[in-house]
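Notes for the structure review
What follows is each chain in one-letter form.
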Amino acid sequence: KSSIMASQATKTMAVSGESHFLEEQMNPVRIKQYLEASRDYEKAKGMKWLLAMMSKGRDASEFFSEVVKNVVVKSVEVKKMVYMYLDHYADASHSCRELALLSINSFQKDLGASNQLIRAMALRVMTSIRVADILQIQLLAVKKCAGDSSPYVRKCAANAVTKIHSEAADKESLYQLLAQLLQDASTMVLGSAVIAFSEVCPDRWELLHPAYRKLCHLVADVDEWAQIVILQTMTRYVRSQFADPAPGASAAAKVMAQRRSNAGKKHATRKITRRTVKKAFYSDEEDESVEEEMEVPDDNESDDEAAPATKKATTIADPDHRLALRSSQPLLKSRNSGVVLAVCSLHYSCGGLDADPHAAQQCGRALVRILRNKREIQYVVLKSIASFARERPAIFRPFLKEFFVKETDAGFNRELKLDILTNLATTENATAILRELETYARSHDVAFAASAVRAAGRVADAQPDVARNVCAGL
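Rules of the game
Residues numbered from 1 in each chain as written. Predicted model: local features only at pLDDT ≥ 70, side-chain atom pairs only at ≥ 80, totals over all residues. Heavy atoms only, no water. Helix = DSSP H or I, 4+ residues; strand = E, 2+ residues; numbered from the N terminus. Contact = heavy atoms within 4.5 Å. Areas by Shrake-Rupley, 256 points an atom, 1.4 Å probe, with all protein chains shown as cover. pLDDT = per-residue confidence, 0-100. Axes fitted to C-alpha atoms, helices over the stretch in contact; angles between N-to-C directions. Parallel < 35°, antiparallel > 145°, perpendicular 65-115°, else oblique. Left-handed = near helix turned anticlockwise from the far one by under 90°. Nonpolar A, V, L, I, M, F, W, Y, C, P; charged D, E, K, R; others polar. Salt bridge = Lys/Arg side-chain N within 4 Å of Asp/Glu carboxyl O. Buried < 20%, exposed > 50% of the residue type's maximum accessible area, 1.4 Å probe, protein only. Polar contact = N/O pair within 3.5 Å; in protein donor to acceptor, adjacent residues only side chain to side chain. Phe/Tyr/Trp six-rings, centres within 6.5 Å; stacked < 30°, edge-to-face > 60°. Expected span 1.5 Å × (residues − 1). Patch = residues over 30% accessible without salt bridge, like charges linked within 9 Å, V, L, I, M, F, W, Y side chains within 5 Å. Core = buried A, V, L, I, M, F, W, Y, C linked by side-chain atoms within 4.5 Å.

1. Some words on the overall build of the chain
Assigned secondary structure in the chain consists of 27 helices and 2 strands. Residue pairs at least 24 apart in sequence account for 66% of intrachain contacts in the chain once pairs closer than 6 positions are excluded. As displayed, the chain offers around 24700 Å² of accessible surface, 51% of which is attributable to carbon and sulfur atoms.

See below:
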């Protein structure tokens, strides 16, 4: 975070006409002279050179002793830059930790500063020093900042919990502190509190019980990266605290997916014995009967395409369960692909797709929308779509053309698209899919052409009516 703040500071320099700090080189001796100068203007100039070095990835830890002395300066501008530097290098080495300890009193004093940024930075630097001897001081500082009037300072207190948790002996006091932060009314604090909860004590659900409904109502208002963690936490909470609305539905969907992928499973047969009676021509002769075995379609083998239509809709009785699903639906329109995937995962894992067909269609539409992205993101989205399509192919059939392979697609994305196309095949669209696969089979990429031929075989196996067309095309 300190490096991010340093880069933001350098952007401010560029905008304000101080871009020469980023472009020019400065003698280290000259920088030390600036830092040891008596005037705040020269100290600020030296700190700007250091932040510019940090933003370019250069090691500036050699100036730690000169910088730490400037914690006591009165200039707010200089103090902000000093804390940015110290937050980055406070735990860089043993010597840096020792020098930071010498200024612990100054950090404690700044926890009561009038400027909220100074209070927050002082806490961040103090909790970045990994020394067991000051653990109690750090814990007291976090408790003090958790009750601060500024939401930003309380947010930093929530982030500090994860820093000191591993070394803390009294973990229960940290859990109580988290419970307090989870009850905070500010969405800025709430997002960081849930992130800390997921890292420190992800299974202590008693801390989350009082805040669950608040999380559901405010999840759309927190920042998008916190939304991902909150949605993941809500998914685990719902699965552990509420009854499955459709026991066995997931297993049944997987069985149907397996039938589509296995050869000959869709049209299973069974043997029966049939008796044929030949009537006697004359009345005084006896009738002749012959028994023979024959194979007939298995009536008990239900059609996996018809099953979803005849299956009764799942009803979620618990209102808190429905609240999690309902409050997350608006986030399907988020610009962040991670948020959309987290919402779809919540509905997939917690029965939302079975309970609300409209929500299932919305999830499918949202996944197709974020598919138009960089190829690395495409891969993650395609993996999720492939999992959905195996069990619920009807969601993605309206978007069949979105899964046709493009010339610019990466190899790992092409394989996933072939897998999805075979799962979406029906009697109605099999001709269009086979036409595409026939084109892919002529590709100069031998491996991809072979994958296309195998995909055509799977389509023919799932849809025997087009098997002849497949053989003719090959």
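2. Description of the confidence of the model for the chain
For the chain, mean pLDDT is 82; residues scoring 70 or higher make up 80% of the total. Every residue in residues 263-267 is under pLDDT 50, and counting partners more than four places away or in other chains gives 12 contacts. Scored below 50 in pLDDT, residues 299-311 makes 15 contacts in the model with residues more than four places away or belonging to other chains.

3. Notes on the packing of helix α9 (residues 116-128) against helix α10 (residues 135-146)
Following both chains from N to C, one finds α9 and α10 inclined at 155 degrees, their axes separated by 10 Å at the closest point. With respect to α10, the axis of α9 lies roughly antiparallel. Relative to α10, α9 is oriented so that their crossing is left-handed. On α10, the residues that touch L123, M126 and T127 of α9 are I137, Q138, A141, V142 and C145. Residue composition of the contact of α9 with α10, by class: 6 nonpolar, 2 polar and no charged.

4. With respect to the pattern of salt bridges
Taken as a whole, this structure holds 17 salt bridges when the rule is applied. For D91, the salt bridge is made with R97, and the minimal N-O distance between the two is 3.0 Å. R97 gets classed as partly exposed once you look at its relative accessible area, which sits at 22%. When the shortest N-O distance is used, the salt bridge between D320 and R213 registers 3.0 Å. Taken as a pair, D320 in helix α19 (residues 319-328) and R213 in helix α15 (residues 212-218) lie far apart in primary sequence, 107 residues in all. The class for D320 is buried, based on a relative accessible area of 17%. One continuous salt-bridge network, built from bridges that share partners, spans E172, R204 and E206.

5. Focus on the side chain of D87
Its place among the elements puts D87 in helix α6 (residues 76-89). Here the side chain of D87 touches R124 through a polar contact of 2.8 Å, side chain to side chain.

6. Here we look at the packing of aromatic side chains
One pass over the structure, following the stated rule, counts 13 aromatic pairs. Their ring planes at 50 degrees and their centres at 6.0 Å tell us that Y83 and F107 sit as a pair that is tilted. With Y83 in helix α6 and F107 in helix α8 (residues 104-110), this residue pair connects regions lying 24 residues apart in the sequence. The two residues Y83 and F107 agree in class, both being buried.

7. Thoughts on the environment of L215
As for its placement among the helices and strands, L215 is situated in helix α15. Since its relative accessible area comes to 3%, L215 is described here as buried. Sequence separation between L215 and L182 is 33 residues, and the spatial gap between their C-alpha atoms is 8.9 Å. For L215, the contacting residues outside a window of four places in its chain are L190, V194, L208 and I230.

8. With respect to helix α4 (residues 40-55)
Between the first and last C-alpha of α4 there are 22 Å, a value that for 16 residues agrees with the 22 Å anticipated at 1.5 Å per step. With 12 of its 16 residues buried, α4 lies for the most part within the structure. Those residues of α4 that sit buried are E42, K43, A44, G46, M47, K48, W49, L50, L51, A52, M53 and M54. Positive phi shows up at G57, right after α4, with a value of about 80 degrees.

9. Some details on a nonpolar patch on the surface
A cluster of nonpolar side chains, Y379, V380 and F412, forms an exposed patch at the surface whose accessible area comes to about 250 Å². Tracing the chain through its elements places V380 in helix α23 (residues 375-391). On the accessibility criterion, V380 (42% relative accessible area) is partly exposed.

10. Brief notes about the nonpolar core
Core analysis: the largest hydrophobic core is formed by 143 residues, its most contacted members being L50, Y85, L86, F396 and F403. Residues contacting Y85, with those up to four places away along its chain left out, are M47, L50, M54, A60, S61, E62, F63, F64 and V67.

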